[in-house]
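Coordinate analysis (summary)
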Amino acid sequence: MERRSILLIYNASAGKRRVSQELEAIITGLTNAGCLVTACPVLPGQEPHQVLTSRWQQFEAVVCCGGDGTLHYTVEEILTLPRLLPVGYLPYGSTNDFAASLGLKQRSLEESCAAIGQFVPRMLDVGRFNEQHFCYVAAFGLFTAVSYETPQATKNLLGHFAYLLEGMLRLKLSQGWKGSVTIDGDTLEGEFWYGSVSNSTYIAGMAAPDQASVKMDDGLFEVMLIRKPQNLAETSRLIASLLNQKGDEELLYLRKARRVEAVLETPTSWTLDGEAGPEVTHAVIEAQEKAFALLM
């Protein structure tokens, strides 16, 4: 058997440290699937960046083993290389939105390794956020930090819209982000509670609205904007929209787009794939159609 040389980037802390417990099984599974494995942990001062930039010519693919944050890091690195290397993903995180969207989360380790060993890539979209990239979501606002801190059982019980509604009841609702958001040329101005640009059927472990319409290789991302209600009547309308899972052109804005530009009055923190992102007043977000190859 002619073996293909791959770089295995793994986060030993992912998934309650399951990666460190199963590392031998992971390497054995990839080896049995026809891979020649070089393993590289994600550790302070020993980042895989150094291996990739100096030795990328030696590898035919990169396999990421960890959570969505590890995948985010891996894809960001891959997109800087002179040659686009395909990526395999072994999901071991606590949320794994991206894997759930692609049906990877349900596979056994043996099935996942065998699929990677086939070396059949699927081209998927990537988001560009100013000078950075993200795999499946860029978001700002009231709910971004809280959503990733909530227990999975609670998320499953509530669902995405109901979760946002529940968050409204316990967060500092006087807070808002003033500015404008332009979605493929259509500009909305005002004060916002939340905004996201996503390419996933799951966000923070919850089913995204209108999952059936999400295509991860069509060059279109799903945009959700929640305006801050200004009075009791608007609050009631927003609650009704969240409960009914239907958009409201003034308060709950849902749309597909290729390009989103946000200009906010104050520096605003964003999350990229659930990881802490930059704090900016100006964000240009673009869908890059079929920009990276996933072995699946």
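The coordinates are above.
What you are looking at is a predicted structure, and each value in this text was computed from that prediction instead of being measured.

A few words on helix α9 (residues 232-244). Here α9 spans 18 Å end to end across 13 residues, near enough to the 18 Å set by a 1.5 Å rise per residue. The N-cap of α9, judged by a side-chain oxygen 3.2 Å from the amide nitrogen of Ala233 a few residues on, is Asn231.

Among the residues making up helix α2 (residues 48-55), those that are buried are Pro48, Val51 and Leu52. Seen along its axis, α2 keeps its buried residues to an arc of 95 degrees; they face one direction. Considering only its buried residues, α2 is in contact with β1 (4-10), β2 (35-41), β3 (61-66) and α3 (68-78).

Take the nonpolar core next. Within the largest apolar cluster, 67 residues are counted, with the highest numbers of intra-cluster contacts made by Phe98, Phe129, Ile183, Trp270 and Leu294. The element best represented in this core is strand β15 (residues 275-295), accounting for 7 residues. Setting aside residues up to four positions removed in sequence, Leu294 forms contacts with Val87, Tyr89, Phe98, Leu102, Leu104, Val120, Pro121, Arg122 and Leu124. Within the second largest apolar cluster, 18 residues are counted, among which are Leu30, Ala61, Val63 and Cys65.

Before going further, it helps to examine unusual backbone geometry. The phi torsion at Asp184 lies on the positive side, around 50 degrees, for a residue other than glycine. Topologically, Asp184 is positioned in the loop between β8 (177-183) and β9 (186-198). If you check the backbone angles, Asp273 has positive phi at about 55 degrees while not being a glycine. Its location among the elements puts Asp273 in the loop between β14 (259-272) and β15.

This paragraph deals with the side chain of Ser101. Structurally, Ser101 is set in helix α4 (residues 97-102). Ignoring anything within four residues of it in the chain, the contact list for Ser101 reads Ser200, Thr201, Tyr202 and Met216.

The next subject is the packing of aromatic side chains. Tallying each qualifying case throughout the model produces 6 aromatic pairs. Between the aromatic rings of Phe140 and Trp177, the centroid separation amounts to 6.3 Å while the plane-to-plane angle is 75 degrees, which identifies the pairing as edge-to-face. You can see Phe140 sitting in strand β7 (residues 137-141) and its partner Trp177 sitting in strand β8, a full 37 residues away along the chain. With a relative accessible area of 2%, Phe140 lands in the buried category. Owing to a relative accessible area of 11%, Trp177 belongs among the buried residues under this scheme. Aromatic ring contacts, followed pair by pair, group Phe129, Phe140, Trp177 and Trp270 into a single cluster. Of note, Arg4 hangs over the ring of Phe119, and the distance from its end group to the ring centre comes to 4.4 Å.

For the rest of this paragraph, the subject is the pattern of salt bridges. Counted according to the given criterion, the structure contains 10 salt bridges. Here Arg237 makes a salt bridge to Glu250, at a shortest N to O gap of 3.4 Å. Here the residue Arg237 occupies a position in helix α9, and Glu250 occupies one in the loop between α9 and β13 (252-257), the gap between them amounting to 13 residues. Note on Arg237: relative accessible area 33%, which makes it partly exposed. The exposure class of Glu250 is partly exposed, given its relative accessible area of 46%. Arg258 is the salt-bridge partner of Glu289, the closest N and O atoms lying 3.8 Å from each other. In this pair, Glu289 is assigned in strand β15 and Arg258 in the loop between β13 and β14, connecting sequence segments 31 residues apart. One connected set of salt bridges, linked through shared partners, spans Arg259, Glu261 and Glu286.

Once that is clear, we can look at the pairing of β14. In this structure, β7 lies alongside β14, joined through 3 bridges in antiparallel fashion. Bridge pairing in β14 places Phe140 opposite Trp270. Strand direction decides the pairing type here: β8 and β14, joined by 5 bridges, are antiparallel. Note on β14: the bridge partner recorded for Val181 is Ala262. Pairing of β14 with β15 involves 9 bridges; the strand directions are antiparallel. The residue of β15 that forms the bridge with Arg259 is Glu286. Adjacent in sequence and paired antiparallel, β14 and β15 are bridged by 2 residues, among which Asp273 carries a positive phi angle near 55 degrees.

Calculation notes
- Residues numbered from 1 in each chain as written.
- Predicted model: local features only at pLDDT ≥ 70, side-chain atom pairs only at ≥ 80, totals over all residues.
- Heavy atoms only, no water.
- Helix = DSSP H or I, 4+ residues; strand = E, 2+ residues; numbered from the N terminus.
- Expected span 1.5 Å × (residues − 1).
- Polar contact = N/O pair within 3.5 Å; in protein donor to acceptor, adjacent residues only side chain to side chain.
- Buried < 20%, exposed > 50% of the residue type's maximum accessible area, 1.4 Å probe, protein only.
- Arc of directions from axis to C-beta.
- Contact = heavy atoms within 4.5 Å.
- Core = buried A, V, L, I, M, F, W, Y, C linked by side-chain atoms within 4.5 Å.
- Phe/Tyr/Trp six-rings, centres within 6.5 Å; stacked < 30°, edge-to-face > 60°.
- Lys NZ or Arg CZ within 6 Å of the ring centre and 35° of its normal.
- Salt bridge = Lys/Arg side-chain N within 4 Å of Asp/Glu carboxyl O.
- Pairing = 2+ DSSP bridges.

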